[in-house]
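Breakdown of the fold
Spelled out, the chains give:
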Amino acid sequence: MLFDWDYTFEILPILAEASIITVNATLLGFVIAASLGLIFAILRMSDRWWISLPISAVIEFIRSTPILIQIFFIYFVFPEFGVTLDAFTAGVIALGLHYGAYCSEIYRAGMENIPKGQWEACTALNLSPYVTLRDIIIPQAIPPIVPALGNYLIALFKETPLLSSIAVLELMQMAKILGSENFRYIEPITIVGLFFLFFSLVSALLIKRVEYWLNTRRG
């Protein structure tokens, strides 16, 4: 048989369990990316060159190097400097750091789109930079960039198979292990593809709901 349904139902619970690791890596990585990206963006927009210049260099360095190399570096090289991380943690940090650099540009574009007069008004009212960003700038900058951030969430989710390179038993790695046991790859790989399709569609739907909710609040 080209496609063995009995084998499919046999391995489905195993892959479903592995998918939990994939989803956890995605969500944790995106939390790091979204948080770090905002910090990067704020620091890059600083008027002090000794802050903005190094941050710009870090962002461009991260964006210009492959994520797989970053995963290897954090997992294999950091121990040489006394920082030893388990494979899952190292992979999540690498994903968050890599996509944090990309998210920072999205945040920066959103904040720079705020009319200059609002920044000047905050200065005239003697508002601190923290209050200005928290209460005036960021609440206006976030809603328009939600779709772009959502795209990075889906892209990050589809990058999780790279964690198999450092032996994280995520969805793709488990599919390869199952396939190698009896040289039947079509069923596990097909299931993995369907899992990724399902989670991507669910993520896209949730992103649209968040975008609608934010626009409703603004209205």
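The structure reproduced in this document is the subject of the present report. (Residues numbered from 1 in each chain as written. Predicted model: local features only at pLDDT ≥ 70, side-chain atom pairs only at ≥ 80, totals over all residues. Heavy atoms only, no water.)

The subject of this paragraph is the nonpolar core. One finds Phe 30, Ile 71, Tyr 107, Met 111, Leu 149 and Leu 163 to be the most contacted residues of the largest nonpolar core, which totals 34 residues. When residues of this core are traced back to their parent elements, those giving at least two are helix 1 (5-44), helix 3 (67-77), helix 4 (87-112), helix 6 (129-159) and helix 8 (186-218). Those residues in contact with Leu 149 that lie beyond four places of it in its chain are Phe 30, Cys 103, Ile 106 and Tyr 107. Judged by nonpolar contacts, the second largest core, of 13 residues, contains Tyr 7, Ala 18, Leu 171 and Ile 191. (Core = buried A, V, L, I, M, F, W, Y, C linked by side-chain atoms within 4.5 Å. Buried < 20%, exposed > 50% of the residue type's maximum accessible area, 1.4 Å probe, protein only. Helix = DSSP H or I, 4+ residues; strand = E, 2+ residues; numbered from the N terminus. Contact = heavy atoms within 4.5 Å.)

Time to look at a nonpolar patch on the surface. Residues Trp 5, Phe 9 and Leu 12 make up a contiguous nonpolar surface patch of roughly 350 Å² in combined accessible area. With respect to the element layout, Trp 5 can be found in helix 1. On the basis of relative accessibility, which here comes to 51%, the residue Trp 5 falls in the exposed class. (Patch = residues over 30% accessible without salt bridge, like charges linked within 9 Å, V, L, I, M, F, W, Y side chains within 5 Å. Areas by Shrake-Rupley, 256 points an atom, 1.4 Å probe, with all protein chains shown as cover. Salt bridge = Lys/Arg side-chain N within 4 Å of Asp/Glu carboxyl O.)

Turning to the environment of Glu 211, a few remarks are in order. Residue placement: Glu 211 occurs in helix 8. A relative accessible area of 25% places Glu 211 in the partly exposed class. Placed 69 residues apart in sequence, Glu 211 and Ile 142 show a C-alpha to C-alpha distance of 9.6 Å. The contact partners of Glu 211, leaving out residues within four places of it in the chain, are Val 146 and Pro 147.

This brings us to the pattern of salt bridges. By the definition in use, this model includes eight salt bridges. A salt bridge links Glu 60 to Arg 63, with the shortest nitrogen-to-oxygen separation between them at 3.3 Å. Here the residue Glu 60 and the residue Arg 63 both occupy positions in helix 2 (residues 49-63), the gap between them amounting to three residues, near one helical turn. Accessibility expressed as a relative area gives 33% for Glu 60, which makes it partly exposed. The structure contains a network of salt bridges with shared partners spanning Arg 44, Glu 60, Arg 63, Glu 105, Arg 108 and Glu 112.

As for its position among the elements, Ser 56 is in helix 2. Look at Ser 56 and you get buried, because its relative accessible area is 16%. A distance of 3.0 Å separates a polar atom in the side chain of Ser 56 from a polar atom in the side chain of Arg 44. Side-chain polar atoms of Ser 56 contact the backbone oxygen of Ser 52, separated by 2.8 Å. (Polar contact = N/O pair within 3.5 Å; in protein donor to acceptor, adjacent residues only side chain to side chain.)

What follows concerns the side chain of Thr 132. Looking at the secondary structure, you find Thr 132 in helix 6. Sequence-distant contacts of Thr 132, that is, excluding residues within four places in its chain, are made with Cys 122, Leu 127 and Ile 137.

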